[in-house]
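# Remarks on the overall topology
Residue strings, one per chain:
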Protein chains: 2
Amino acid sequence: MGVTGRVTAFDEATAVRRLAGGRYEAHPDPRFALVAPGGAAPPAINGGVLIATVLRAVLDGSPLPHPVATSAHFLRVARAAPAEVRVTWLKAGRTAATARAALVQDGEPVLEATVTTGTVPGGGTVPGGAPARAAGDGRAAGGGEAAGAGLCWTGAPPALPPPEECVELGPWPGTVAADGTAGYAAQVRTLFDPAVAGWRHGRPAGRPEMRGWFGLREERDPDALTLALAVDGLPPVVFGLGATGWAPTVELTMHMRRVPAPGLLRVAAWGRHVGGGWFDEEAEVWDSAGHLVAQSRQIARVGRGRLRTGADVTARS
Amino acid sequence: MGVTGRVTAFDEATAVRRLAGGRYEAHPDPRFALVAPGGAAPPAINGGVLIATVLRAVLDGSPLPHPVATSAHFLRVARAAPAEVRVTWLKAGRTAATARAALVQDGEPVLEATVTTGTVPGGGTVPGGAPARAAGDGRAAGGGEAAGAGLCWTGAPPALPPPEECVELGPWPGTVAADGTAGYAAQVRTLFDPAVAGWRHGRPAGRPEMRGWFGLREERDPDALTLALAVDGLPPVVFGLGATGWAPTVELTMHMRRVPAPGLLRVAAWGRHVGGGWFDEEAEVWDSAGHLVAQSRQIARVGRGRLRTGADVTARS
């Protein structure tokens, strides 16, 4: 599925095989495991990879090319074991089509998603099949129906030092098994803004912010599927407040705004409120050509949540 | 359902009657209509009222009190006609329970929602049934499991002049029928920040921002249901860029963060990117005690969307 045609571990981990009746076979992959510190519990699978898996099944049957709005509620811990994606189409309109999709293991929903597909600009074609404007032209609106509106506006991109001034993040707490092998974090390349990397050495910045350049370690152009990985790809923003340990996502919604250009993605994530055991995390993903390509907001649990890992939580305010 | 016990038009419009098998009878109400300029098409019903209606049905069967995460995809235009809410519970956990809920008219889904309920701080009780801390103490974390985490942090609230320095918004384009009667906008009281009100007189601020104090015209304390109204309660942020006309929401996710204190709500909404016919709109709702009580993000269509109203769209960049 990659633009380069390579089959990466990510593509293998998110592959689905079509069965009958809107059902797809899937195989949550231990290479994208989140591992409990101490290894006391079976590893969970990274949520972004699960969303990407569900999106493959949805896009397989979608009349429109892009997952404009993907809402995912995480109900149970996904394990590295066979799963099924069940897709039900609710509407197929001209500008938007909507499906429900569930990732199911052992007969129970692990992830429940609603996906509205549509067409976003970029990626060599614009809506309506008209020739693409040059990549990187910045403010190109889509064509087709949208051209009638023609309104274009973008806020300022997040500040991020160039990659050579960032620090390679490597594995972080929750991604290293007792035997030292790394799961999810070994699959991604994260060049972190030093200004928000102090938590790595016990000196959190005191703000719920994470920023860095993000990509797979294997060569693969970004697309809708890796955007799903990127929006939840950095460590939880509460690490910036001194929290460590699991921060299980309860709900995450991603909006795809544009087909990303090749190259590393810029990801900025921040939270607005931590309290009552909950925190929000917003993320923006910008591509190498300087376009905002995806946005997300999630709500997650601080500290121990429903990942029954036995992991200890150290949350300091 | 209001804290004051009054039955307002909002409470009547969002009322549901339990039937068998997770089904609820509902009556989308013309008092919350969005009316096409010129009145060429049957009015649509405000999306926030529809979400509140769905939430009533979900909360009726929820083991946990608050709609922490509500993801709603809007598939079709809701009409002022009988409807049914169909609720399916997917999980009932200790900290989170998840249901799917569809608002159906004429056998077709109008709004498809997934709701994860839980417990948020405020409102006289904290999780676990412990006595409440005083309203307005600002940084009170919930008790129960969350108390173990104890992490509290909140970003700066949006700047908004006091109500007496704001302008009463009154009806706006899309809320006034050809005969001059107002729908949705006549039900809500919106005291607008003058800095972002210029679009009312053909002088848009040039930024996709809306800010104001918000409440029902009838006396009623805010709660989870009116938060659903508030997060989509102001005019579309693209009006600040000179757009007028319909801006149909395609997907909206709301996170409830705290039970709101009585009084007017402060709502700030903004967008980050308009392009390809789509725009995002984020909203924060703060209560009179200075707490962040709800957040949302939606993605919507600029100009004419799937509301087949015949309304003309004037979008200027």
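Residues numbered from 1 in each chain as written. Chains lettered and ligands numbered in written order. Predicted model: local features only at pLDDT ≥ 70, side-chain atom pairs only at ≥ 80, totals over all residues. Heavy atoms only, no water.

What follows is about the overall build of chain A. Secondary structure assignment for chain A yields 4 helices and 17 strands. In chain A, 68% of the contacts between residues at least 6 apart in sequence involve partners at least 24 apart. Accessible area of chain A: about 11000 Å², with a carbon and sulfur share of 52%. (Helix = DSSP H or I, 4+ residues; strand = E, 2+ residues; numbered from the N terminus. Contact = heavy atoms within 4.5 Å. Areas by Shrake-Rupley, 256 points an atom, 1.4 Å probe, with all protein chains shown as cover.)

Let's shift gears to the relation of the copies chain B and chain A. Each copy superposes on the other: chain B lies on chain A with an RMSD of 0.0 Å after a rotation of 180 degrees and an axial shift of 0.0 Å. In the structure described here, the two chain copies are related by an operation that fits a two-fold rotation axis. Taking the C-alpha atom as reference, chain B places Ser71(B) closest to the rotation axis, 3.2 Å from it. Comparing interface residues between copies, 100% of those in chain B also sit at the interface in chain A, which points to an isologous, same-surface contact. (Least-squares fit on C-alpha atoms with pLDDT ≥ 70 in both.)

What follows covers the pattern of salt bridges. All names here are of chain B. The tally for this structure, following the rule as stated, stands at 38 salt bridges over all chains. One salt bridge in this structure joins Arg220 and Asp11, with 2.8 Å as the shortest N-O distance. Within this pair, whereas Arg220 is found in the loop between strand E12 (209-216) and helix H3 (224-230), its partner Asp11 is found in helix H1 (residues 9-13), the two being separated by 209 residues in sequence. Assigned by exposure class, Arg220 and Asp11 land together as buried. (Salt bridge = Lys/Arg side-chain N within 4 Å of Asp/Glu carboxyl O. Buried < 20%, exposed > 50% of the residue type's maximum accessible area, 1.4 Å probe, protein only.)

On to the pairing of strand E11 (residues 188-192) of chain B, then. All names here are of chain B. Among the 5 residues that make up E11, 4 are buried, leaving the element largely enclosed by the rest of the structure. Inspection of the sheet shows strand E10 (residues 167-168) paired to E11 by 2 bridges, in the antiparallel sense. Across the sheet, residue Val167 finds its bridge partner in E11, namely Phe192. Sheet topology note: the E11/E12 ladder contains 5 bridges and is antiparallel. Pairing of Leu191 across the sheet is with Trp213, part of E12. (Pairing = 2+ DSSP bridges.)

Glancing now at the interface of chain B and chain A. Counting residues at the interface gives 74 residues for chain B and 74 residues for chain A. Roughly 6300 Å² is buried in total at the junction of chain B and chain A, and carbon and sulfur atoms are behind 54% of that figure. Inspection of the chain B/chain A interface yields 6 salt bridges. Arg272(A) serves as the salt-bridge partner of Glu284(B), at 2.4 Å between the closest nitrogen and oxygen. In terms of residue class, the side of chain B that touches chain A is built from 32 nonpolar, 25 polar and 17 charged. (Buried area = accessible area lost by both parts, 1.4 Å probe. Nonpolar A, V, L, I, M, F, W, Y, C, P; charged D, E, K, R; others polar.)

Quick look at the pairing of strand E2 (residues 23-26) of chain A now. All names here are of chain A. Here E2 shows a buried face lined by Tyr24 and Ala26 and an unburied face lined by Arg23 and Glu25. Sheet analysis places strand E1 (residues 16-18) next to E2, joined by 3 bridges and oriented antiparallel. Within the sheet, the bridge partner assigned to Arg18 lies in E2 and is Tyr24. The pairing of E2 with strand E6 (residues 83-92) spans 4 bridges and is classified as antiparallel. Bridging from a neighbouring strand, Ala26 pairs with Ala83 of E6.

On to helix H2 (residues 47-60) of chain B. Residues and elements named next belong to chain B. Helix length check: H2 (14 residues) gives 20 Å between terminal C-alpha atoms against 20 Å at 1.5 Å per residue, within 8%. Of all 14 residues in H2, 12 are buried, a share of seventy percent or more. All of the buried residues along H2 are Gly47, Gly48, Val49, Leu50, Ile51, Ala52, Thr53, Val54, Leu55, Arg56, Ala57 and Val58. Taking the backbone nitrogen of Gly48 as reference, a side-chain oxygen 3.0 Å away marks Asn46 as the first, capping residue of H2. (Expected span 1.5 Å × (residues − 1). Polar contact = N/O pair within 3.5 Å; in protein donor to acceptor, adjacent residues only side chain to side chain.)

Right, let's talk about unusual backbone geometry for a bit. Residues and elements named next belong to chain A. In this structure, Asp106 is a non-glycine residue whose phi angle is positive, near 55 degrees. Note on placement: Asp106 falls in the loop between strand E7 (97-105) and strand E8 (108-118). Take Asp106: its relative accessible area is 70%, and that puts it in the exposed class.

The subject of this paragraph is the packing of aromatic side chains. Within a pair of aromatic rings, the relevant descriptors are the distance that separates the centres and the angle that separates the planes. All names here are of chain A. For the structure on display, the rule yields 6 aromatic pairs over all chains. An angle of 80 degrees between the planes, with centres 6.2 Å apart, marks the rings of Phe192 and Trp199 as edge-to-face. A relative accessible area of 0% means that Phe192 is categorised as buried. In textbook terms, an aromatic cluster arises when at least three aromatic residues are bridged by ring pairs, as seen for Phe192, Trp199 and Phe239. Note that Arg301 overlies the ring of Trp278, its terminal NZ or CZ placed 4.4 Å from the centroid. (Phe/Tyr/Trp six-rings, centres within 6.5 Å; stacked < 30°, edge-to-face > 60°. Lys NZ or Arg CZ within 6 Å of the ring centre and 35° of its normal.)

With that settled, consider the side chain of Arg257(A). Among the structural elements, Arg257(A) can be located in the loop between strand E13 (249-256) and strand E14 (265-270). Within the local environment of Arg257(A), its side chain forms a polar contact with the backbone oxygen of His273(B), the two atoms lying 2.8 Å apart.

All names here are of chain B. Relative to the helices and strands, Ala228 is located in helix H3. Sequence separation between Ala228 and Val49 is 179 residues, and the spatial gap between their C-alpha atoms is 7.2 Å. Discounting chain neighbours no more than four positions away, the residues touching Ala228 are Gly48, Ile51, Ala52, Leu55 and Met254.

The next point concerns the environment of Thr53(A). Residues and elements named next belong to chain A. Tracing the sequence through the fold places Thr53 in helix H2 (residues 47-60). Taking C-alpha positions, Thr53 is 8.0 Å from Leu225, a pair spaced 172 residues apart along the chain. Leaving out residues up to four positions away in the same chain, Thr53 has contacts with Ala13, Thr14, Ala15, Val16, Ala26 and Val85.

The next subject is the side chain of Arg100(B). Along the polypeptide, Arg100(B) turns up in strand E7 (residues 97-105). Judged by relative accessible area, Arg100(B) falls into the buried class, the value being 12%. At 2.4 Å, the side chain of Arg100(B) and the side chain of Glu112(A) are in polar contact. Contact partners of Arg100(B), with chain neighbours within four places excluded, come to Arg100(A), Ala101(A), Glu112(A), Ala113(A), Arg86(B), Val87(B), Thr88(B), Leu90(B), Ala113(B) and Thr114(B).

Residue and element names in this part refer to chain A. Looking at chain A, pLDDT values average 85 and 80% of them are 70 or higher. Counting contacts from residues 125-148, a segment whose pLDDT is below 50, to residues more than four positions away or on other chains yields 36 contacts. Ignoring residues within four places in sequence, the model shows residues 305-317, a span with pLDDT below 50, making 38 contacts including any to other chains. Overall fold confidence for the complex sits at a pTM of 0.88, while the interface term, ipTM, reaches 0.88. (pLDDT = per-residue confidence, 0-100.)

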